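Here are the chains, one letter per residue:
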Amino acid sequence: MADLSGLSSVSGAPLTETQIWGILSQIDLDITNLLRDGKLSALKYALPGAAGRTADRAGNLRALLEARSYYQALLTSRPGWEVSVGE
């Protein structure tokens, strides 16, 4: 997919609760793989360096934890509804 030069052609809707839970699950998986030194985790967050691709594991973990905090706050800030039916 080509890079965008602006946001005028982009539209969207607020994330659903299910989508936010999916994002949190993916972040948790990435954190687990990073901590377990998974083969795919470092490459997803690596930068080209003089000796090939290098990854800052602490920086990656910090970024993932910040993203997780953001989406967790987004999830908990959603209005809650409790529906009951009276007879």
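Residues numbered from 1 in each chain as written. Predicted model: local features only at pLDDT ≥ 70, side-chain atom pairs only at ≥ 80, totals over all residues. Heavy atoms only, no water.

Peer 1: An account of the overall build of the chain is requested, with residue identities and associated values reported.
Peer 2: In terms of regular secondary structure, the chain is built from three helices and two strands. The N-to-C order of helical and strand elements in the chain reads α-α-β-β-α. When each of the 87 residues of the chain is scored for burial, the buried share is 15%. In the chain, 58% of the contacts between residues at least 6 apart in sequence involve partners at least 24 apart. Of the roughly 7,300 Å² that the chain leaves accessible, carbon and sulfur atoms contribute 58%. (Helix = DSSP H or I, 4+ residues; strand = E, 2+ residues; numbered from the N terminus. Buried < 20%, exposed > 50% of the residue type's maximum accessible area, 1.4 Å probe, protein only. Contact = heavy atoms within 4.5 Å. Areas by Shrake-Rupley, 256 points an atom, 1.4 Å probe, with all protein chains shown as cover.)

Peer 1: Account for the environment of Gln-26, naming residues and giving values.
Peer 2: Summarising the element assignment, Gln-26 is placed in helix α1 (residues 17–35). Spatially, the C-alpha atoms of Gln-26 and Arg-68 are 9.6 Å apart, while their sequence positions differ by 42 residues.

Peer 1: A description of helix α3 (residues 57–76) should follow, citing residues and the corresponding values.
Peer 2: For α3, built from 20 residues, the straight-helix expectation of 28 Å at 1.5 Å per residue is met to within 8% by its first-to-last C-alpha distance of 28 Å. All of the buried residues in α3 are Gly-59, Asn-60, Leu-64 and Leu-75. All buried residues of α3 lie within an arc of 145° about the axis, which places them on one face of the element. Pointing more than 90 degrees away from the buried face of α3 are the exposed residues Ala-58, Glu-66 and Thr-76. Those residues of α3 hidden inside the fold are in contact with α1. (Expected span 1.5 Å × (residues − 1). Arc of directions from axis to C-beta.)

Peer 1: An account of a nonpolar patch on the surface is needed here, citing residue identities and associated values.
Peer 2: A contiguous nonpolar patch, built from Leu-4, Leu-7 and Val-10 and spanning about 330 Å² of accessible area, is present on the exposed surface. Look at Val-10 and you get partly exposed, because its relative accessible area is 44%. (Patch = residues over 30% accessible without salt bridge, like charges linked within 9 Å, V, L, I, M, F, W, Y side chains within 5 Å. Salt bridge = Lys/Arg side-chain N within 4 Å of Asp/Glu carboxyl O.)

Peer 1: Provide a residue-level description of the packing of α1 against α3, including the pertinent values.
Peer 2: Between α1 and α3, the least distance of the axes is 10 Å, while the angle of their chain directions is 160°. With respect to α3, the axis of α1 lies roughly antiparallel. Considering the relative orientation of α1 and α3, their crossing is left-handed. Mapping the contact onto sequence places Glu-17, Ile-20, Trp-21, Ile-23, Leu-24, Ile-27, Asp-28, Asp-30, Ile-31, Leu-34 and Leu-35 in α1 and Arg-57, Asn-60, Leu-61, Leu-64, Leu-65, Ala-67, Arg-68, Tyr-71, Gln-72, Leu-74 and Leu-75 in α3. Tallied by class, residues from the contact of α1 with α3 come to 15 nonpolar, two polar and five charged. (Axes fitted to C-alpha atoms, helices over the stretch in contact; angles between N-to-C directions. Parallel < 35°, antiparallel > 145°, perpendicular 65-115°, else oblique. Left-handed = near helix turned anticlockwise from the far one by under 90°. Nonpolar A, V, L, I, M, F, W, Y, C, P; charged D, E, K, R; others polar.)

Peer 1: Summarise the packing of aromatic side chains; cite the residues concerned and give the values.
Peer 2: Across all of its chains, the model carries one aromatic pair by this definition. With 5.0 Å between their ring centres and 80° between their planes, Tyr-70 and Tyr-71 make a pair best called edge-to-face. (Phe/Tyr/Trp six-rings, centres within 6.5 Å; stacked < 30°, edge-to-face > 60°.)

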